[in-house]
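Take a look at the letters that make up each chain.
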Amino acid sequence: MPERSLSRRQFLSGTAALAGTLTASSLFLKAAAAPARALESGDRVPALVVGSGYGGAVTALRLTQAGIPTALVEMGRSWTTPGSDGNVFCTMLAPDGRSTWLRTRTDQPVSYFLGAPYNRSITRYTGVLDCEHFAATRVYQGRGVGGGSLVNGGMAVVPRRPYFEEILPQVDADAMYGVYFPRANAGLGTNTMDQAWYESASCYRYARVGAQQAQDAGFRTVSVPNVYSFPHLRDELAGTAPRSALAGEVIYGNNHGKQSLDKTYLAAAAATGRLSISPLHQVTAVQPAVIGSGYTVEMSQLDTAGNVIARKTVTADKVFLAAGSVGTSKLLVTMRATGRLPDLSAAVGQEWGNNGNVMVGRANHLWSPTGSLQSCIPVQGIDNWDDPGGPCFAEISPFPAGTELWISLYLAITKNPNRAAFTYNTGTGGVDLSWQPSFTAPSIAAAERVFDRINAAEGTVYRSDLFGVHKTWGDDFVYHPLGGCVLGKATDPYGRLPEYPGLYVTDGSLIPGSTGVNPFVTITALAERNIENVLANDFA
Ligand code: FAE
């Protein structure tokens, strides 16, 4: 098992970051989760984690802290070295190959402006944001060491307890709310904004305008915690720290300020000295080892143009699947259909949902400017979840164009009952998702209950030029894929695949399609809960 040696600097950065300390420089923190020697064919490891997002990072930390050497395999690159411009990540306004996973054009969520396509030509590269296309939806996912934490808005929201109990009734909510949600937020470095600063910060005019308009229409608004360092953001605005959230950086990565998983959980795991990370390695198969116990894991090593430069086979005593809702579901559905894991439950691949995601923009009056300088880190939500006619929690999103556009943009999270399934396609050898265009109708209906009312109160209209030509709703993509390997159905109550001892699922695929809020705190807390049980019972 390859192990890495750690410098004192790396050790300090890892432990400080996990304690939620946000003062260490990002340079120190970046070094912490740099890869050690990649896995080689023939290696045998006690524990192998597939994917380095929330589920994978929590699992890697708790395994290594328990003394178990752990190999982490990630298909994206390690985002630790700067490009020729001196920055690790590119900005949203000037995207290059670093922006997008293996495409020659960007594939942006807001992909039109004034009715014209807005995507740019780029060099094909293993960029940080993937937009995976299925027949009726596109799924945005982070690619790299840190998974979705590299590209997301950092909004750290604990779900409402009654709704959590509704979606996962078999999970002890007392333990979740008493132990695991607080543990997750501590590990993630969640922090809250100084309200007085926010009230006058020019970069949050768009949030104040959006919140005031919602309140004027009779809705409740809430401030939302985040993993982006608010002290750093304040210093960005004051001109004493390099700009990131204020420089159009978020969905293609943040060069500063964000406590992504490579700087928190993964840095702390690396600090144990028991973690090896293999970036640009994509797991293609998992099956019981032919000789002895454990699992054979096949993987392809990629170069940054996406070419396969090596194929490797390693053996692991235990394998933790943390490739995300789509990645884990696709892998397991394929393994079941191709006879590598034939006994997997029929529930594998089922109950996938989009967390009720739908995006929309409104055109404000000229006397309601939203600001030319907008923080890319969202901090306000409109909470209409108690509306029995259509629960909706809408994030007030930035539209950071660098100039005044009078646009209010929202990502609505709604209670959409529609679910889809992943199935293996024998013709293509790929995996299909049965989501239908009509499935988003309940989400639009719920969102209209909020935004029709705001438009009526303000005398304003929807923008119909942001998601296509004369298309009001961004309803053909998703930021929050959930489900496909649901806890207690496809797995036991702690993520074990019961037909295959030593094989586990530990990511967003465990959640049945919806959390009612932005999901990563829920994914992190469930992973904390599950690995605690696995360590207590399966490593004796
Ligand atoms: P995830 O973080 O996706 O990690 C899976 C990892 O596995 C990735 O790094 C993959 O590259 C890797 N992988 C996949 N397949 C393979 C394979 N075969 N071999 C090796 N590696 C593989 O999974 N959520 C919030 O709570 N708050 C927000 O503000 C927020 N904003 C978002 C904004 C954007 C633009 C996007 C795309 C998402 C946002 N999300 C947000 C969602 C959040 O990032 C997502 O729910 C979590 O990242 C999912 O965590 P998982 O651990 O399930």
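Keep in mind it's a predicted model, so treat the numbers as computed, not measured.

(A) Expanded view of the site of the ligand. Neighbouring the ligand are 35 residues, the closest being Glu-74, Gly-148, Met-155, Gly-508 and Phe-520. Take Met-155: an N or O atom from its main chain is 2.8 Å from a nitrogen atom of the ligand. For the ligand, whose unbound accessible area comes to 1,000 Å², protein coverage reaches 95%. Breaking the shell around the ligand down by element, the ones donating at least two residues are α3 (54-65), β6 (138-142), β9 (281-288) and α12 (520-538). Looking at the shell around the ligand element by element, the count peaks at three residues for β9.

(B) Quick look at the sheet that holds strand β20 (residues 477-478). In spatial order, the strands read β5-β6-β20; together these three strands make up an open sheet with mixed pairing. The two strands at the open ends of the sheet, each matched to only one other strand, are β5 (129-133) and β20. Bridge count between β5 and β6: five bridges; the pairing is antiparallel. Bridge pairing in β6 places Asp-130 opposite Gln-141.

(C) Summary view of empty space enclosed by the protein. As enumerated under the stated definition, the model contains five cavities of 30 Å³ or more in all. Of the pockets and cavities examined, the largest cavity occupies roughly 60 Å³. Thr-59, Phe-320, Tyr-494, Gly-495, Tyr-504, Val-505, Thr-506, Ala-527, Asn-530, Ile-531 and Val-534 are the residues that line the largest cavity. Within the residue set of the lining of the largest cavity, elements represented by two or more residues are β21 (503-505) and α12. Residue composition of the lining of the largest cavity, by class: seven nonpolar, four polar and no charged.

(D) Broad picture of helix α10 (residues 324-337). Counted at 1.5 Å a residue, the expected span for α10 with its 14 residues is 20 Å, and the 20 Å between its end C-alpha atoms agrees. Of all 14 residues making up α10, 10 are buried, and the element is well covered by its neighbours. Taken from the residues just after α10, Gly-339 is the one with a positive phi, measuring 80 degrees.

(E) Expanded view of the packing of aromatic side chains. This structure, assessed with the given rule, holds 21 aromatic pairs. Ring geometry for Phe-164 and Phe-181: centres 5.8 Å apart, planes at 80 degrees, overall edge-to-face. Taken as a pair, Phe-164 in helix α4 (residues 161-167) and Phe-181 in helix α5 (residues 173-188) lie far apart in primary sequence, 17 residues in all. As far as burial versus exposure is concerned, Phe-164 and Phe-181 are alike and both buried. An angle of 90 degrees between the planes, with centres 5.6 Å apart, marks the rings of Trp-352 and Trp-435 as edge-to-face. Taken together, the residues Trp-352 in the loop between α10 and β12 (358-363) and Trp-435 in the loop between β17 (431-433) and α11 (441-458) connect sequence positions 83 residues apart. The exposure class assigned to Trp-435 is buried, which follows from its relative accessible area of 3%. These aromatic residues form a ring-pair network of at least three members: Phe-134, Trp-352, Phe-422, Trp-435 and Phe-439.

(F) Representation of the environment of Ser-408. Relative to the assigned elements, Ser-408 resides in strand β15 (residues 407-414). On the accessibility criterion, Ser-408 (4% relative accessible area) is buried. Spatially, the C-alpha atom of Ser-408 lies 7.0 Å from that of Tyr-206, the residues being 202 residues apart in sequence. Among all residues touching Ser-408, those that are not within four sequence positions of it are Gln-213, Val-360, Gly-361, Arg-362, Asn-364 and Thr-370. Within polar-contact distance, the side chain of Ser-408 engages the side chain of Asn-364 at 2.9 Å.

(G) Layout of the packing of α5 against α12. Between α5 and α12, the least distance of the axes is 8 Å, while the angle of their chain directions is 110 degrees. When the axes of α5 and α12 are compared, the pair comes out roughly perpendicular. By crossing handedness, the relation of α5 to α12 is classed as right-handed. Contacts from Met-176, Tyr-180, Phe-181, Arg-183, Ala-184, Asn-185 and Leu-188 in α5 reach Phe-520, Val-521, Thr-522, Thr-524, Ala-525, Leu-526, Glu-528, Arg-529 and Glu-532 in α12. Its residues placed into classes, the contact of α5 with α12 shows nine nonpolar, three polar and four charged.

(H) How the structure looks around the confidence of the model for the chain. Here the chain shows a mean pLDDT of 93. Residues at 70 or above account for 93%. When pLDDT is averaged over each helix and strand of the chain, the minimum, 35, is found for helix α1 (residues 8-18) and the maximum, 99, for β21. Scored below 50 in pLDDT, residues 1-32 shows 66 contacts in the model against residues more than four places distant or in partner chains.

(I) Geometry of the pattern of salt bridges. Evaluation of the coordinates by the stated rule reveals 25 salt bridges. Asp-85 is the salt-bridge partner of Arg-98, the closest N and O atoms lying 2.7 Å from each other. Of the two residues, Arg-98 is situated in the loop between β2 (70-73) and β3 (112-113) and Asp-85 in the loop between β2 and β3; the sequence distance between them amounts to 13 residues. With a shortest N-O distance of 2.9 Å, Asp-130 and Arg-143 are connected by a salt bridge. You can see Asp-130 sitting in strand β5 and its partner Arg-143 sitting in the loop between β6 and α4, a full 13 residues away along the chain. Given a relative accessible area of 7%, Asp-130 falls into the buried group. Connected via shared salt-bridge partners are Arg-103, Asp-107, Arg-138 and Asp-476.

(J) Layout of the side chain of Asn-354. With respect to the helices and strands, the residue Asn-354 is situated in the loop between α10 and β12. Judged by its relative accessible area of 3%, Asn-354 is buried. At 2.8 Å, the side chain of Asn-354 forms a polar contact with the backbone nitrogen of Gly-356. In this view, Asn-354 contacts Trp-435, Thr-440, Val-478, His-480 and Gly-513; residues no more than four positions away in its chain are not counted.

(K) Representation of unusual backbone geometry. The phi dihedral of Leu-102 is positive, around 50 degrees, even though this residue is not glycine. On the accessibility criterion, Leu-102 (18% relative accessible area) is buried. Non-glycine residue His-470 carries a positive phi angle of around 55 degrees. In this structure, His-470 sits in the loop between β18 (461-462) and β19 (473-474).

Here is what the cut-offs are and how they apply
- Residues numbered from 1 in each chain as written.
- Predicted model: local features only at pLDDT ≥ 70, side-chain atom pairs only at ≥ 80, totals over all residues.
- Heavy atoms only, no water.
- Near = heavy atom within 4 Å.
- Polar contact = N/O pair within 3.5 Å; in protein donor to acceptor, adjacent residues only side chain to side chain.
- Areas by Shrake-Rupley, 256 points an atom, 1.4 Å probe, with all protein chains shown as cover.
- Helix = DSSP H or I, 4+ residues; strand = E, 2+ residues; numbered from the N terminus.
- Pairing = 2+ DSSP bridges.
- 1 Å grid on protein atoms, 1.4 Å probe; cavity = no way out; pocket = protein on both sides within 12 Å on 5 of 7 lines; lining within 4 Å.
- Points joined across faces, edges and corners; volume = space filled by probe spheres on them.
- Nonpolar A, V, L, I, M, F, W, Y, C, P; charged D, E, K, R; others polar.
- Expected span 1.5 Å × (residues − 1).
- Buried < 20%, exposed > 50% of the residue type's maximum accessible area, 1.4 Å probe, protein only.
- Phe/Tyr/Trp six-rings, centres within 6.5 Å; stacked < 30°, edge-to-face > 60°.
- Contact = heavy atoms within 4.5 Å.
- Axes fitted to C-alpha atoms, helices over the stretch in contact; angles between N-to-C directions.
- Parallel < 35°, antiparallel > 145°, perpendicular 65-115°, else oblique.
- Left-handed = near helix turned anticlockwise from the far one by under 90°.
- pLDDT = per-residue confidence, 0-100.
- Salt bridge = Lys/Arg side-chain N within 4 Å of Asp/Glu carboxyl O.

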